Structures are given as C-alpha cells and as structure tokens.
Amino acid sequence: MDILQLVLQVLLGLTSLLLTLLILLHKGRGGGLSDMFGGGMSSAMGSSGLAERNLNRFTVVLALVWFVSIVALGLITKFQSI
C-alpha cells in the first residue's frame, strides 16, 4: 500500500505542475491577468482553433487524472489509519 501511495503522490505532483503550465498556455479572453503577461498580443500570435481545442481536451483529461489521484490518496489515507 505504501508503494501505491508513493506513486499517487508523484502522479499528483506531476499533474499539478503540468496542469498549471497548461492553464497558463491557454489563450487569454482579454481584460484579465493574461493581458499583463503579453496576452493582449494574442490576436496576432494566437494559436489555431485546432490547437486550442486539443489544448482544452488535454487540460480536461489532466484535470480528471489530478482529481482521481486526490480522491484515491484521500481514501488510502482514510482507510490506512483504521
């Protein structure tokens, strides 16, 4: 059980970092913090529709993996102390 917990913790760390990076890669919708970091120039240098759609899909899948690993770690921790 300790190996599974270690694997889930590593998976949680990796998915957290990747999820942060993927969210920052998304095109800004304007008016927010994304404009402060150069998001205002997204009209000239923006990604294509297909690339944005694939980025959205990958972000959603990674968020689901992140959520499942948190729930699994919580269940392991809960039942390990009993």
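Rules used throughout
- Residues numbered from 1 in each chain as written.
- Predicted model: local features only at pLDDT ≥ 70, side-chain atom pairs only at ≥ 80, totals over all residues.
- Heavy atoms only, no water.
- UniProt positions renumbered as here; feature names shortened; annotations may be inferred.
- Helix = DSSP H or I, 4+ residues; strand = E, 2+ residues; numbered from the N terminus.
- Expected span 1.5 Å × (residues − 1).
- Contact = heavy atoms within 4.5 Å.
- Buried < 20%, exposed > 50% of the residue type's maximum accessible area, 1.4 Å probe, protein only.
- Patch = residues over 30% accessible without salt bridge, like charges linked within 9 Å, V, L, I, M, F, W, Y side chains within 5 Å.
- Areas by Shrake-Rupley, 256 points an atom, 1.4 Å probe, with all protein chains shown as cover.
- Salt bridge = Lys/Arg side-chain N within 4 Å of Asp/Glu carboxyl O.
- Polar contact = N/O pair within 3.5 Å; in protein donor to acceptor, adjacent residues only side chain to side chain.
- pLDDT = per-residue confidence, 0-100.
- Axes fitted to C-alpha atoms, helices over the stretch in contact; angles between N-to-C directions.
- Parallel < 35°, antiparallel > 145°, perpendicular 65-115°, else oblique.
- Left-handed = near helix turned anticlockwise from the far one by under 90°.
- Nonpolar A, V, L, I, M, F, W, Y, C, P; charged D, E, K, R; others polar.

What is the right way to read the UniProt feature "transmembrane region" (unreviewed entry) in the chain from this model?
On the UniProt side, "transmembrane region" (unreviewed entry) is annotated at positions that read residues 54-76 here. Structurally, residues 54-76 comprises 100% helix and 0% strand, and the distance from its first C-alpha atom to its last is 33 Å.

Looking at this structure, I do not really get helix 4 (residues 49-80). What am I missing?
What sets the pattern is the α-helix's 3.6 residues per turn: residues three or four places apart point alike. Taking 1.5 Å of rise per residue, 32 residues should cover 46 Å, and helix 4 covers 46 Å from first to last C-alpha, within 8% of that figure. On its buried face, helix 4 sits against helix 1 (2-25).

Just to check I follow, could you spell out the environment of Leu6 for this structure?
Along the chain, the position of Leu6 falls in helix 1. On the accessibility criterion, Leu6 (51% relative accessible area) is exposed. Between the C-alpha atom of Leu6 and that of Leu73, which follows or precedes it by 67 residues, the distance is 9.4 Å.

Mind showing me how you'd approach a nonpolar patch on the surface here?
Taken together, the side chains of Trp66, Phe67, Val68, Ile70, Val71, Leu75, Phe79 and Ile82 make up a nonpolar region of the molecular surface, amounting to roughly 810 Å² of accessible area. Tracing the chain through its elements places Trp66 in helix 4.

Mind showing me how you'd approach the side chain of Thr15 here?
Residue position: Thr15 is located in helix 1. A polar atom in the side chain of Thr15 sits 3.1 Å from the backbone oxygen of Leu12. Not counting chain neighbours up to four residues away, the residues in contact with Thr15 comprise Leu62, Val65 and Trp66.

Mind showing me how you'd approach the confidence of the model for the chain here?
Note: predicted coordinates in regions of low pLDDT should not be interpreted at a detailed level. Scored by pLDDT, the chain has a mean of 84; 76% of the residues are at 70 or more. The secondary structure element of the chain with the lowest average pLDDT is helix 3 (residues 42-45), at 52, and the one with the highest is helix 1, at 95.

Would you mind going over the packing of helix 1 against helix 4 with me for this structure?
Each packed pair of helices is defined by two parameters, the angle between the axes and the distance between the axes. Contact pair helix 1 / helix 4: the axes reach a minimum separation of 9 Å and the direction vectors enclose 150 degrees. Viewed along their axes, helix 1 and helix 4 adopt a mutual orientation that is roughly antiparallel. The two elements helix 1 and helix 4 meet at a crossing, and its hand is left-handed. Of the residues assigned to the contact of helix 1 with helix 4, the class counts are 19 nonpolar, eight polar and one charged.

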